[in-house]
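Letter by letter, the chains look like this.
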Amino acid sequence: MKLEKLKRRKFLELSSFGSLGLAMPVNLFQDIPNLFDFSDEQSDEIFYALLKNWCDGMLAVQIIDPANRIVHGALACPACSEEPTAPIHGRCLDAVFPFLFIADKTGEDKYLQAAIRVFEWGENVTMPDGSWTVVQNPTSWKGISVFGAIALAESLKYFGHLLDDQRKEQWTNR
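What counts as what
- Residues numbered from 1 in each chain as written.
- Predicted model: local features only at pLDDT ≥ 70, side-chain atom pairs only at ≥ 80, totals over all residues.
- Heavy atoms only, no water.
- Helix = DSSP H or I, 4+ residues; strand = E, 2+ residues; numbered from the N terminus.
- Buried < 20%, exposed > 50% of the residue type's maximum accessible area, 1.4 Å probe, protein only.
- Contact = heavy atoms within 4.5 Å.
- Areas by Shrake-Rupley, 256 points an atom, 1.4 Å probe, with all protein chains shown as cover.
- Expected span 1.5 Å × (residues − 1).
- Phe/Tyr/Trp six-rings, centres within 6.5 Å; stacked < 30°, edge-to-face > 60°.
- Lys NZ or Arg CZ within 6 Å of the ring centre and 35° of its normal.
- Polar contact = N/O pair within 3.5 Å; in protein donor to acceptor, adjacent residues only side chain to side chain.
- Patch = residues over 30% accessible without salt bridge, like charges linked within 9 Å, V, L, I, M, F, W, Y side chains within 5 Å.
- Salt bridge = Lys/Arg side-chain N within 4 Å of Asp/Glu carboxyl O.
- Axes fitted to C-alpha atoms, helices over the stretch in contact; angles between N-to-C directions.
- Parallel < 35°, antiparallel > 145°, perpendicular 65-115°, else oblique.
- Left-handed = near helix turned anticlockwise from the far one by under 90°.
- Nonpolar A, V, L, I, M, F, W, Y, C, P; charged D, E, K, R; others polar.
- Core = buried A, V, L, I, M, F, W, Y, C linked by side-chain atoms within 4.5 Å.

Asks: What is the right way to read the overall build of the protein from this model?
Replies: Looking only at helices and strands, one finds six helices and zero strands in the protein. The order of helices and strands in the protein, counted from the N terminus, is α-α-α-α-α-α. Taking all 174 residues of the protein together, the buried fraction comes to 29%. Within the protein, contacts between residues at least 6 apart in sequence are counted, and of these 53% link residues at least 24 apart. Accessible area of the protein: about 12100 Å², with a carbon and sulfur share of 57%.

Here it is as structure tokens:
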């Protein structure tokens, strides 16, 4: 509805209806129990278990084929194919953060190695201008750099201590 065509009567009706919400008591909904009211300790345990489960799922589909640098370290899509090198849908580099989080939490090297592999796979989707794409040799949209950059920056900020100096410098330069 355009402002210049808003009649006085309609304006008053809408204003009255909108004001009704302001007239309701603030504590009207405060007695409804919060179904997700966990203690901080409970929340941490639940969220950690879920993230670890997801990381284990990503590990299960991470392609381990050092001889084939095009796919080595990427995450395959088992929904698309039963082949070990199922289609790669991209954004794999974003997994560097959860892998490092769980590596730090558990101390298990397998998660650190998964993060390193997914980072190295990311070189395959780096364009000459430094941006990152979803897949190699994209034919259309090329703009996902921000998601990978955030994952990488946050990984370095919080978990850089897990990386050796040379690797940390390489990741920082990227």
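Asks: For this particular structure, what's the right way to read helix H4 (residues 109-121)?
Replies: The periodicity of an α-helix, 3.6 residues per turn, causes residues three or four places apart in sequence to face the same way. For H4, built from 13 residues, the straight-helix expectation of 18 Å at 1.5 Å per residue is met to within 8% by its first-to-last C-alpha distance of 18 Å. Considered for burial, the residues of H4 that qualify are Tyr111, Leu112, Ala114, Ala115, Ile116, Arg117, Val118, Phe119 and Trp121.

Asks: Got a minute to help me understand the packing of aromatic side chains in this structure?
Replies: Remark: the centre distance and the inter-plane angle together describe each pair of aromatic rings, the angle taken between the planes. Tallied over the full model, the rule gives four aromatic pairs. Residues Tyr158 and Phe159 carry aromatic rings whose centres are separated by 6.3 Å and whose planes lie at 55 degrees to one another, so their mutual orientation is tilted. Exposure remark for Phe159: the relative accessible area of 6% places this residue in the buried category. When the ring centre of Tyr48 is taken as origin, the NZ or CZ atom of Lys105, which lies over that ring, is 5.1 Å away.

Asks: Could you clarify how one ought to interpret the environment of Asn124 in this entry?
Replies: With respect to the element layout, Asn124 can be found in the loop between H4 and helix H5 (145-159). Taking the C-alpha atoms as reference points, Asn124 and Arg69, 55 residues apart in sequence, are found 8.0 Å from one another. Among the polar contacts listed, one links the side chain of Asn124 to the backbone oxygen of Arg69, at a separation of 2.7 Å.

Asks: How do you make sense of a nonpolar patch on the surface when you look at a structure like this?
Replies: Together, Val146, Phe147 and Ile150 line one region of the surface with nonpolar side chains, adding up to about 270 Å² of accessible area. Looking at the secondary structure, you find Ile150 in helix H5. With relative accessibility at 48%, the residue Ile150 sits in the partly exposed group.

Asks: Sorry if this is basic, but what is going on with the packing of helix H3 (residues 96-106) against H5 here?
Replies: In helix packing, the relevant descriptors are the interaxial angle and the interaxial distance, both defined with respect to the helix axes. Put simply, H3 and H5 touch, their axes get as near as 8 Å, and they point 15 degrees apart. Our classification of the angle between H3 and H5 gives roughly parallel. When you trace H3 past H5, the crossing you get is left-handed. On H5, the residues touching Val96, Phe97, Leu100, Phe101 and Asp104 of H3 are Ala151, Leu152, Glu154, Ser155, Tyr158 and Phe159. Looking at the contact of H3 with H5 residue by residue, the class counts come to eight nonpolar, one polar and two charged.

Asks: Would you mind showing me how to read the nonpolar core here?
Replies: Soluble globular proteins: nonpolar side chains tend toward being buried together. Counting 31 residues, the largest nonpolar core has Val96, Phe99, Leu100, Tyr111 and Trp171 as its most contacted members. When contributions to this core are tallied by element, the ones reaching two or more residues are helix H2 (40-61), H3, H4 and H5. Broken down by element, this core gets its largest block of residues, eight residues, from H4. Non-local contacts of Trp171, meaning those with residues more than four positions away in its chain, are made with Val96, Leu100, Ala115, Ile116, Phe119, Leu152, Leu156 and Leu163.

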